[in-house]
Amino acid sequence: MEPDEKINILMVDDSATNLLALEAILQAPDRNLVSASSGEDALRYLLTNEVAVILMDVYMPGLDGLETAELIRGRDKSRNIPIIFLTADSTGGRHLSRGYSLGAVDYIVKPIEPDILRSKVAVFVELFKKTQEVKQQAELLREKNLELENANLARLNMLIELGQELASQRDPYRVLENFCKSARQIIDAEESAVGVLNGDSDSLRYFFRCSSAEQN
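Basis of the calculations
- Residues numbered from 1 in each chain as written.
- Predicted model: local features only at pLDDT ≥ 70, side-chain atom pairs only at ≥ 80, totals over all residues.
- Heavy atoms only, no water.
- Helix = DSSP H or I, 4+ residues; strand = E, 2+ residues; numbered from the N terminus.
- Contact = heavy atoms within 4.5 Å.
- Areas by Shrake-Rupley, 256 points an atom, 1.4 Å probe, with all protein chains shown as cover.
- 1 Å grid on protein atoms, 1.4 Å probe; cavity = no way out; pocket = protein on both sides within 12 Å on 5 of 7 lines; lining within 4 Å.
- Points joined across faces, edges and corners; volume = space filled by probe spheres on them.
- Buried < 20%, exposed > 50% of the residue type's maximum accessible area, 1.4 Å probe, protein only.
- Pairing = 2+ DSSP bridges.
- Right-handed = clockwise from strand over helix to strand, strands pointing away.

A. Focus on the overall build of the protein chain. Counting secondary structure elements, the protein chain contains seven helices and seven strands. Starting at the N terminus and walking to the C terminus, you meet the elements of the protein chain as β-α-β-α-β-α-β-α-β-α-α-β-β-α. In the protein chain, the proportion of contacts linking residues at least 24 apart, taken out of those at least 6 apart, comes to 56%. Accessible area of the protein chain: about 13,000 Å², with a carbon and sulfur share of 53%.

Here it is in structure tokens:
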């Protein structure tokens, strides 16, 4: 990700007061805090956006938090996003097992302790950053491999063309000239030279030198 690119954190709660409280706790220069007042709004946002973590209120009209989480997990694009459930139920017994089965990474009981929430969210923000860095490195590696494959293919084509030229050429000096120029291009050298010795091995019968400066 770009150095100045902000990380999205999705906060889902039907209470505007709760959303403002979460924003006050979690705001930071590197974060984009996105508020959704319903499960439907959250699902729409996740269609086109990546987020580091979702803070999900359990009790909401319409789609509740657990139903929304189930739909999020049903999509390939969003199924691995960590979800922290927020609940006013201090026991949470009837929600815990289902919530964890839907991929919840934690439950936080309201009223929320700010330091606890900050520390938990910070873990997933850093994990998201590292994941994005790995993805970028993998993409750079893929591009580099593609460049190498294209370069090797270009060299192979030059070798084929060189073979065809040498097979059709009868002038020994021209053979050396073509070979010298093509060899320099194939190995990407600044200069190349080729020669043929006489039978006594003490003198050259043919010699040719070429450089990148001469051909440019």
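B. Representation of the layout of surface pockets in the model. When its volume is computed, the largest pocket comes out at roughly 320 Å³. Among the elements that make up the lining of the largest pocket, the one with the highest residue count is helix α5 (residues 114-168) (six residues).

C. Structural detail: the pairing of strand β4 (residues 83-87). Of all five residues in β4, five are buried; the element is thus mostly enclosed. Of the pairings in the sheet, the one linking strand β3 (residues 53-57) to β4 comprises four bridges and is parallel in character. From the neighbouring strand, L55 faces β4, where its bridge partner is I84. Crossover β3 to β4 through helix α3 (residues 65-73) is right-handed.

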